[in-house]
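# Coordinate analysis (summary)
What follows is the residue order along each chain.
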Amino acid sequence: MPTKKRKNAIEICNKRNEDTREGHTHAQLQKCVEENVDLDDGQDTGGEESENSKDTNLRKETIRRCCNYIKYLVLLLLIPPFLNYAALSGESNKLQPENGVLYDIGFGQKMFMKCLGEGSPTVILDASTGHSSDVWYFIQPLVARHTRVCSYDRAGIGFSERPNVHVNHNISDKNEDIYKNRWKFFTIERMADDLNRLITKSSQQSKPFVMVGAELGALVARFYSHLYEG
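Residues numbered from 1 in each chain as written. Predicted model: local features only at pLDDT ≥ 70, side-chain atom pairs only at ≥ 80, totals over all residues. Heavy atoms only, no water.

### Looking at the environment of lysine 114
This is how it is decided: In DSSP terms, a helix is any run of H or I states spanning at least four residues, a strand is any run of E spanning at least two, and both are numbered starting from the N terminus. Residue burial is assigned from relative accessible area. The probe radius is 1.4 Å, only protein chains are included, and a residue is buried under 20% of its type maximum, exposed over 50%, and partly exposed in between. For this analysis, residues touch if any pair of their heavy atoms sits within 4.5 Å.
Considering the arrangement of structural elements, one finds lysine 114 in strand S2 (residues 109–116). Accessibility expressed as a relative area gives 16% for lysine 114, which makes it buried. Separated by 11 residues in sequence, lysine 114 and leucine 125 place their C-alpha atoms 10.0 Å apart. Look past the residues within four positions of lysine 114 in its chain and what remains in contact with it is Pro97, Glu98, Asn99, Gly100, Gln140, Val149, Cys150 and Ser151.

### Overview of helix H6 (residues 216–228)
For clarity, the threshold we go by: In this scheme, a helix's expected span is set at 1.5 Å multiplied by one less than its residue total. Working definition: the arc comes from the directions between the helix axis and the C-beta atoms, pointing outward to the latter.
A rise of 1.5 Å per residue sets the reference length of H6, with its 13 residues, at 18 Å; its end C-alpha atoms lie 18 Å apart and thus fit the reference within 8%. Buried within H6 are the following residues: Leu216, Gly217, Val220, Ala221 and Tyr224. Viewed end-on, H6 has its buried residues packed into an arc of 140 degrees, placing them on one side of the element. More than 90 degrees from the buried face of H6, the exposed residues found are Arg222 and His226. Contacts made by the buried residues of H6 are with strand S3 (122–126), strand S4 (149–152), helix H5 (188–202) and strand S5 (209–213).

Put into structure tokens, the structure is as follows:
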């Protein structure tokens, strides 16, 4: 049974024969039919290749768009945290009070202290629970009229850094190693030790000291007095 393509070719050859009014022998008709069938096959093959090319281009375009979306998503996820960190770092430097200094107390940890005035004794102001040295903002200048007065931020509060738990343990001085492992972080004993290193070794404030504290600050002051001034 003739295929659809062959039927179409026969119709084309018969119509061409009628238009030209020339008689075709069976061999000529067969040749005409074969030529038209081959032409249809070529057109179909070209059509299939064209469709395959369109599908390939469509896949490439889809992949390209997905890559662009992923790239923009990564940028949106990474850039804001970096910008925020840079802004906070700059803000921290600008907000640091005048006359305030970050002192290295050892073991990769720095603590903030602000001192005003001259004279003796040296008054050390220790803030209440959860507060920074800002609570002494109005009081410290008044005391500074009569003697030297210092306020500081305990570790992890205000401008003071948290204890560095990843500090290098290769310490040459055995006394330093004993000190480091003497108290746990954020205990009253460790706070008193931090204060001692801050006012004696790092900033080298002049003795005698008058310790002034509120709530937790008062407790730290008492422990400091018992441990180092008793």
